[in-house]
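So the chains spell out like this:
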Amino acid sequence: MSKQLLKGNEAVAYGAIMGGATHFFGYPITPASEIAHKAAEIFPATGRFFMQAESEVSVINMLYGAAAAGARSMTASSGPGMSLMMEGFSYIACAELPCVVVDVQRAGPGLGNIWPEQGDYTTVVTGGGHGNYKCVVLAPNSCQEMCDFTYRAFEIADKYRTLVFILSDAYIGQMMEPVQLPTEMKHGERKDWALYADKESRNNLVTSIFMNQKIMNDVNLNLQKKYRKIEEELVEYEEVDVEDAEYIFIAFGITARVCLTALKKIRDTGIKIGLFRPQTLYPFPKKRLNELAKKCKGFIVAELNAGQMADEVELTINCKIPVLRYNWFGGTVPSIEEVIERTVADLGGK
Amino acid sequence: MIKHTKSKSFYDTFERKGPGQKVTHYCPGCGHGTIHKLIAQALDELDVQDRTIVCSPVGCSVFAYYYFDTGNIQCSHGRAPAVATAMRRVHDDAIIICYQGDGDLAGIGTTEIIHAANRGENLTVFFVNNAIYGMTGGQMAPTTLFGQKTMTTPTGRTMAQDGAPIGVAEIINAIKSPVYVERTSLGTPGKIQKTRKAIKQALQNQVEKKGFSLVEILAPCPINWKMEPLQARKWLQEHLEPVFPVKQFRDNSDELIQAQFSTKLPWKSDEEVLDYFGVNKEQKQVKQEKEIEEQLVKFSGFGGQGVMLGGVLMANCATEEGLNATWLPSYGPEMRGGTANASIIISQDSIGSPVVDFPNVLIAMNGPSLDAFEEKVHAGGTILVNSSIVSQKISRSDVTAVYIPVSDLASEVGMIAGANIIMLATYLLVSKIMDINTLRKVLPESIKKKQFVDINMKMIDKAEEYFKEHLS
Ligand SMILES: Cc1ncc(C[n+]2csc(CCOP(=O)(O)OP(=O)(O)O)c2C)c(N)n1
Ligand code: SF4
């Protein structure tokens, strides 16, 4: 089986079709647009459906409709588009509809710019919209994972009846790497709750309004139960050199790649450093972080935002060990050299 | 008024409603109940109950699913046409109804309705115009009349403050694609009969896959108009109807058979998709293990010199040879200035950051590229310079400089835009990291415009010639 050189964004579209996606609804925004471009090519060419909608508000409501109709559906967007979709995320979470949303993060706030940032961390990880809900958040850091995570996202979405976010960034989306496409196609199955416009499904109702407080309370309790199950079953992460590490970088997406390159060189200075990369941001790898916090002296949370994941890490480990925060904004991705210098200065290598 | 026999498409008792399962949740004299019943009758008559899905709005009719014994989906405020569009594109044969109020459709949801109409979606929209926001307690709607007092226009709507009442049927009629647009009223039994006909026609159109139909129905909201039901019917006729003329705006249902409404495309089987994606292609030759030095390449020039493609081809060669590779463009405003550049990393090991801040190979297709990156090249690195354009020499002595007039050579072959290929080929020949024949293999697959494949292949020959004569 051969690898193909693909943009991260293109890899998403391939992974989607192979993962059973049949409907793509999009609205152009840099740096996510190549996903829609590729989808506009390969969805219709394979008998699937692509539509450019009139806005992200329409897009997310189209996902609501398509998912309710039993289809595996998705979209991809970035900053301002994500903000527009928040109400829809909340409806989808309450109605428990499975679908996939890719966020190729750009810098914000506001119109910001089209360079990478990870400033959507908190909004996406906490679900975004109003009310008590969560969505699964996968964080790829390579073109391969852009493909693989999208491929798997539809299974997760169907299994837990949840929205799955792929939280990526401008570099992971724009870069190219050799990608091995999956060798097996997946397809969604008929869902007993969905609307198929037939006799069997005629009594089905997709809704998120429950006027009775007791029922709304139960709906919430059920959602919370589901989230506990997701937290139990879905956590994923990657570790590099953590076994003997005294300090550990915690980073995801593009930042994790910068840390990975820096790590090898920092080790040469005698500092025992490792890398912990959450691949699921929700559910967050809390248990493992607590184990690591017992074994090492400190964490360095490196991210392209104001310390959003660092907050989560501190909360997770209850401030047991110091958490250093390396933050960059505005589309700046640190050079390897900068990360090495700073780490060596902070940790005192030889 | 109108005699209601229980329709099949209407539930006998309203279980979903909770207490009081025999009566609707609507106020006495409300228009929604009447309209619901007319719709249910039409569904029965057309015998489409099983394949119908009702999209309920946010507004008093949010609970339409208490009543319609059909598939039901409750939509966010104003977005039913978007939800319905998607369902339409999933189920070709579904009968999909958008039921919307005037706040929902004419206020918050204007974008969605206009674009669904403009796409000519094969949908039926019932737009209930009661000139007020019912559910939220009687605030101004876009359709509220001049002088009409509401909670948010306590002294009456005025032109200066809120503009004029909006005519939805007129707006939809200004769009080319819809097949059927009509405005009716619940003002009198006779008008209700006409409403019944319009509702059925609008649904019939969908059954026949003719496209987008909208019926605007003027309806009373006695509670928020602060009137008795009978008084409300009267006010509707005397005040609403003059502002919103009751008439048929368009009926193209006889002329139009829009083939576009079968949205299904030929479905590719799993095997066909795998073939189409190239997954089933036989294994590529993975090259013999040989130690290579990690290449941190900056491929730089001005926009139009093909530096992005040059970089992609380089990464393609690496992929073909079973190496790891990353390609990262610089893009956006920077591209419009002096230099566009791509970072390429080629390695036997897994690659961390794809950003090349300090290259060990710099390819400078123009002067500004050399200016920008020369100082950043690692000691011991290589700089390849397009000497057709760049007259200056490299000032550093700790790097290998290769001067090659790629623009001139490309012109000799017959296409100056081929300079990037000559440069890339020269890099392969000089560095010996990858085989020049690998480039010959990947080039035809990577160039989108097939008419340029031959001439670009000649660029590789040219590079080889030049290399043999001048550089080896
Ligand atoms: C995004 C959003 N904004 C506001 C509301 C509150 N809201 C509920 S119903 C409604 C007005 C509905 O009026 P209309 O469409 O005229 O329907 P009616 O109740 O008159 O049938 C509003 C503003 C909401 N549910 N969602
Ligand atoms: S408030 Fe108006 S629209 Fe709502 S149920 Fe009562 S009469 Fe009908």
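The shown structure was predicted, so the numbers you read here are calculated from the model rather than taken from an experiment. The residue numbers shown here count from 1 along each chain, following its written sequence. Each chain is given a letter, starting from A, and each ligand a number, starting from 1, according to the order in which they appear as written. Totals for whole chains, interfaces and linings use all residues, but because this is a predicted model, local features are given only for residues with pLDDT of at least 70 and pairs of side-chain atoms are given and counted only at 80 or more. Hydrogens and water are ignored here; the side-chain numbers use all heavy atoms of the structure.

**Some thoughts on the side chain of Gln148(B)**
Residue and element names in this part refer to chain B.
So, step 1. The helix count covers DSSP runs of H or I at least four residues long, the strand count covers runs of E at least two residues long, and both are numbered beginning at the N terminus. Summarising the element assignment, Gln 148 is placed in the loop between β4 (124-129) and α5 (159-162).
So, step 2. The class for Gln 148 is buried, based on a relative accessible area of 8%.
So, step 3. Every residue in contact with Gln 148, bar those within four places of it in the chain, is listed here: Ala 131, Ile 132, Thr 153, Gly 156, Arg 157, Trp 225 and Trp 235. Three exposure classes are used, based on accessible area relative to the maximum for each residue type with a 1.4 Å probe and protein chains only: buried under 20%, partly exposed in between, and exposed over 50%. The criterion used for residue contact is that any of the two residues' heavy atoms lie within 4.5 Å.

**Things to note about the nonpolar core**
So, step 1. By convention a nonpolar core is built from buried Ala, Val, Leu, Ile, Met, Phe, Trp, Tyr and Cys residues, the set being connected through side-chain atoms within 4.5 Å. If you look at the biggest cluster of nonpolar residues, it comprises 171 residues, and the most contacted ones within it are Phe89(A), Phe299(A), Ile73(B) and Met87(B).
So, step 2. In terms of residues, this core owes the most to one element, helix α7 (residues 143-160) of chain A, which gives 10 residues.
So, step 3. Once you skip the residues sitting within four places of it in the chain, Phe299(A) turns out to touch Ile248(A), Ile250(A), Leu289(A), Leu292(A), Ala293(A), Val313(A), Ile317(A), Ile321(A), Pro322(A), Val323(A) and Leu324(A).
So, step 4. Counting residues in each nonpolar core, the second largest holds 53 residues, with Met415(B), Ile421(B), Met434(B) and Ala463(B) among its members.

**Comments concerning the interface of chain B and chain A**
So, step 1. Contacts between the two partners involve 70 residues from chain B and, on the opposite side, 74 residues from chain A.
So, step 2. Regarding the contact of chain B and chain A, the summed buried area is about 6000 Å², with carbon and sulfur atoms giving 63% of it.
So, step 3. Salt-bridge detection follows one rule: a side-chain nitrogen of Lys or Arg within 4 Å of a carboxyl oxygen of Asp or Glu. If you look at where chain B meets chain A, you find 4 salt bridges.
So, step 4. Glu54(A) serves as the salt-bridge partner of Arg119(B), at 2.8 Å between the closest nitrogen and oxygen.
So, step 5. For the side of chain B that touches chain A, the elements supplying multiple residues, two or more each, are β2 (71-74), α2 (80-90), α4 (110-119), α10 (270-276), α11 (307-320) and β9 (324-329) of chain B. When two parts are brought into contact, each loses some accessible area as probed by a 1.4 Å sphere; the total of that loss over both is the buried area.

**With respect to the domain arrangement of chain A**
Accessible area lost during the coming together of the parts is what is often quoted as the interface size.
Residues and elements named next belong to chain A.
So, step 1. In this document the domain limits rely on a domain assignment from an automatic tool or a database. Domain parsing of chain A yields domain 1 (3-233) and domain 2 (238-347).
So, step 2. Put simply, the middle of domain 1 and the middle of domain 2, counted by C-alpha atoms, are 28 Å apart.
So, step 3. Every contact between the two is made by 32 residues of domain 1 and, on the other side, 25 residues of domain 2.
So, step 4. When residues of domain 1 are sorted by the area they lose upon contact with domain 2, Gln 118, Tyr 121 and Asn 141 head the list and together hold 33% of the total.
So, step 5. For the pair domain 1 and domain 2, the interface holds 2 salt bridges.
So, step 6. A salt bridge links Arg 257 to Glu 177, with the nearest nitrogen and oxygen atoms 2.9 Å apart.
So, step 7. Here a polar contact is taken to be a pair of N or O atoms separated by no more than 3.5 Å, where protein atoms must pair a possible hydrogen donor with a possible acceptor and residues adjacent in sequence count only if both atoms sit in side chains. At the boundary of domain 1 and domain 2, one finds 20 residue pairs in polar contact (both at pLDDT 80 or more).
So, step 8. Counting only elements with at least two residues in the side of domain 1 that touches domain 2, the list comes to α6 (121-125), β6 (136-138), α7, β7 (163-169), α8 (170-174) and α9 (213-233).

**Details of the site of ligand 2**
So, step 1. Lining the immediate environment of ligand 2, one finds Tyr26(B), Cys27(B), Cys30(B), His32(B), Cys60(B), Asn130(B), Cys221(B), Pro222(B) and Asn224(B).
So, step 2. Classification used: nonpolar for Ala, Val, Leu, Ile, Met, Phe, Trp, Tyr, Cys and Pro, charged for Asp, Glu, Lys and Arg, polar for all others including Gly. A class-by-class count of the residues in the shell around ligand 2 yields 6 nonpolar, 3 polar and no charged. Nearness here has a simple test: a residue counts as near a molecule or strand if at least one of its heavy atoms is within 4 Å of that partner.

**A word on the pattern of salt bridges**
Working definition: two side chains of opposite charge can pair if their charged atoms are close together.
Residues and elements named next belong to chain A.
So, step 1. This structure, assessed with the given rule, holds 44 salt bridges over all chains.
So, step 2. The closest approach of N and O atoms between Arg 288 and Glu 239, which form a salt bridge, is 2.5 Å. On the criterion of sequence distance, the pair formed by Arg 288 in helix α11 (residues 286-295) and Glu 239 in strand β10 (residues 237-240) is long-range, its members being 49 residues apart.
So, step 3. A salt bridge links Lys 295 to Glu 243; its shortest N-O distance comes to 3.2 Å. On the criterion of sequence distance, the pair formed by Lys 295 in helix α11 and Glu 243 in the loop between β10 and β11 (247-250) is long-range, its members being 52 residues apart.
So, step 4. For Lys 295, a relative accessible area of 43% corresponds to the partly exposed category.
So, step 5. Overall, Glu 243 belongs to the exposed group, its relative accessible area being 59%.

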